[in-house]
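As a plain string of letters, each chain reads:
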Amino acid sequence: MAAAEPGAAPGGGNCAPAGGGSVPVLFCFSVFARPSSVPHGAGYELLIQKFLSLYGDQIDMHRKFVVQLFAEEWSQYIDLPKGFLVNERCKVRLVPLQIQITTLGNLTPSSTVFFCCDMQERFRPAIKYFGDIISVGQRLLQGARLLGIPVIVTEQYPKGLGSTVQEIDLTGAKLVLPKTKFSMVLPEVEAALAEIPGVRSIVLFGVETHVCIQQTALELIGRGLEVHIVADATSSRSMMDRMFALERLARTGIIVTTSEAILLQLVADKEHPKFKEIQNLIKASAPESGLLSKV
């Protein structure tokens, strides 16, 4: 979470600690208000830490925020004064900045992570075109290795559904994680993303489109990330479920695309040092599975 810098201090604002102990503070976020306390003389950083301790499970860490103080003289909230220190009972709130960002869909290796969702052995007989999406998924992971893109892999209840299929080479994956939740957005995954500087885009593929893929994509965009779903590497047991899921996701601003488009967007230029290797991956053309006719 990045918070906006505090503004200039109004005359007569809190400015210096007068002693030890703690001071009661009402912390407000969204529709919530929770009384707590901070050490006398606490400043901006301690207030932020307190907001995170109180509302961390509800705060979108990829949004920008401003901290505001309720000013009795104005009977309304003002941006937290510069150099503010808590020396008396007060009320503060955390406000998300409502910045409309247009989704352009640009991809660069340095800001991209690949998510491979539940490509497991027990799904083989049930998922339509499973062999084809395995082939395309493997090509994507090869491309990720060539371009130095981190890969996060999940396996849905592997004790009962088996591990990732042998055709998928997970060499170099940043994280391979079992799960029971349908979404891939687990605490361990969020922690792994936090370790990668500048992540902006997630390339997502696997099964099932209308369950784990859909729920993962919606959680990711809710955290401010741009999501690209690879249509020729994503399937379900039912093509109707798959089709309606992709349509719904596209309407929410998620980008539905193809493996070739992803790989060529990531190299961007014929002069890219890895272009020839990526081109060779693409020449092993996507299977004529009919998946793209059912998007």
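In this numbering scheme, every chain counts its residues from 1 along its sequence in written order. Given that this is a predicted model, residues contribute local features only at a pLDDT of at least 70 and side-chain atom pairs are listed and counted only at 80 or more, while totals for whole chains, interfaces and linings are drawn from all residues. Computation of side-chain values covers all heavy atoms of the structure but excludes hydrogens and water.

### So, the sheet that holds strand β11 (residues 226–235)
When DSSP finds at least two bridges between two strands, those strands are taken to pair. Helix and strand definitions follow DSSP, with helices as H or I runs of at least four residues and strands as E runs of at least two, each counted in order from the N terminus. A sheet is described by the order of its strands in space; here 6 strands give the open sequence β9-β8-β7-β10-β11-β12, paired in parallel fashion. What marks the edges here is a single partner per strand, and that holds for β9 (175–179) and β12 (255–257). Each strand axis lies, on average, 25 degrees off the axis of its neighbour in the sheet, ignoring direction. Looking at chain direction, strand β10 (residues 201–207) and β11 are connected through 6 bridges and run parallel. Opposite serine 201, over in β11, you have glutamate 226 as the bridge partner. In this description, contact between two residues means that some pair of their heavy atoms is separated by no more than 4.5 Å. Inter-axis angles, ranging from 0 to 180 degrees, are taken between N-to-C directions of lines fitted to C-alpha atoms, where helices are fitted over the stretch in contact. Packing of helix α6 (residues 239–251) onto the sheet brings it into contact with β11 and β12, and relative to β11 it is tilted by some 165 degrees.

### Looking at the packing of aromatic side chains
Under the pairing criterion, centres of Phe, Tyr and Trp rings, with the six-membered ring standing for Trp, must be within 6.5 Å; the plane angle then separates stacked pairs below 30 degrees from edge-to-face pairs above 60, leaving the rest tilted. In the structure shown here, the tally under the stated rule is 7 aromatic pairs. A ring pair is formed by phenylalanine 27 and phenylalanine 51, whose centres lie 5.1 Å apart and whose planes are at 85 degrees; its orientation type is edge-to-face. One end of the pair, phenylalanine 27, is in strand β2 (residues 22–29); the other, phenylalanine 51, is in helix α1 (residues 44–55), with 24 residues separating them in the sequence. Throughout this description, buried means an accessible area under 20% of the type-specific maximum (1.4 Å probe, protein chains only), exposed means over 50%, and partly exposed covers the range between. Phenylalanine 51 sits in the buried class, given a relative accessible area of 0%.

### Observations concerning helix α5 (residues 209–222)
Along α5, the residues that are buried comprise Thr209, His210, Val211, Cys212, Ile213, Gln214, Thr216, Ala217 and Leu220. Contacts from the buried residues of α5 go to β7 (112–117), β8 (151–156), β9, β10, β11 and α6. Glycine 224 sits one or two positions beyond α5 and adopts a positive phi of about 85 degrees.

### Thoughts on the pairing of strand β5 (residues 76–79)
Bridging between strand β4 (residues 64–71) and β5 involves 4 bridges; their strand directions are antiparallel. Directly across from alanine 71, in β5, lies its bridge partner glutamine 76. From the end of β4 to the start of β5, which pair antiparallel, there are 4 residues, and serine 75 there has a positive phi angle of about 55 degrees.

### Quick word on the environment of serine 22
In this structure, serine 22 sits in strand β2. Serine 22 gets classed as exposed once you look at its relative accessible area, which sits at 52%. Between the C-alpha atoms of serine 22 and histidine 40, which are 18 residues apart in sequence, the distance is 4.9 Å.

### Focus on the side chain of threonine 154
With respect to the helices, strands and loops of the structure, threonine 154 is situated in strand β8. A distance of 3.0 Å separates a polar atom in the side chain of threonine 154 from a polar atom in the side chain of aspartate 118. With near-sequence residues (within four places) excluded, threonine 154 lies in contact with Cys116, Cys117, Asp118, Leu177, Lys179 and Met184. In protein, a polar contact means a hydrogen-donor-capable atom and an acceptor-capable atom, both N or O and within 3.5 Å, with residues adjacent in sequence counting only if both atoms are side-chain atoms; elsewhere, any N or O pair within 3.5 Å suffices.

### A look at the packing of helix α2 (residues 130–147) against helix α8 (residues 275–283)
Interhelical geometry of α2 versus α8 gives an angle of 180 degrees and a closest axis separation of 10 Å. One finds that α2 runs roughly antiparallel with respect to α8. When α2 is examined against α8, the residues Arg139, Gln142, Gly143, Leu146 and Leu147 are found in contact with a partner set consisting of Glu277, Ile278, Leu281 and Ile282. Throughout, the ten residues Ala, Val, Leu, Ile, Met, Phe, Trp, Tyr, Cys and Pro are labelled nonpolar, Asp, Glu, Lys and Arg are labelled charged, and all others, Gly among them, are labelled polar. For the contact of α2 with α8, a count of residues per class yields 5 nonpolar, 2 polar and 2 charged. Roughly parallel refers to an angle under 35 degrees, roughly antiparallel to one over 145, roughly perpendicular to one between 65 and 115, and oblique to any angle outside these ranges.

### Notes on the pattern of salt bridges
Salt bridge criterion: a side-chain nitrogen from Lys or Arg within 4 Å of a carboxyl oxygen from Asp or Glu. A complete count under the given rule lists 10 salt bridges for this structure. The partner of arginine 145 in a salt bridge is aspartate 169, and the shortest N-O contact between them spans 3.7 Å. One end of the pair, arginine 145, is in helix α2; the other, aspartate 169, is in the loop between α3 (158–161) and β9, with 24 residues separating them in the sequence. By relative accessible area, aspartate 169 is classed as partly exposed at 31%. Several salt bridges converge on common partners, so that one network encompasses Lys181, Glu190, Glu219 and Arg223.

From the geometry alone we can't say anything about function, so treat these as descriptive.
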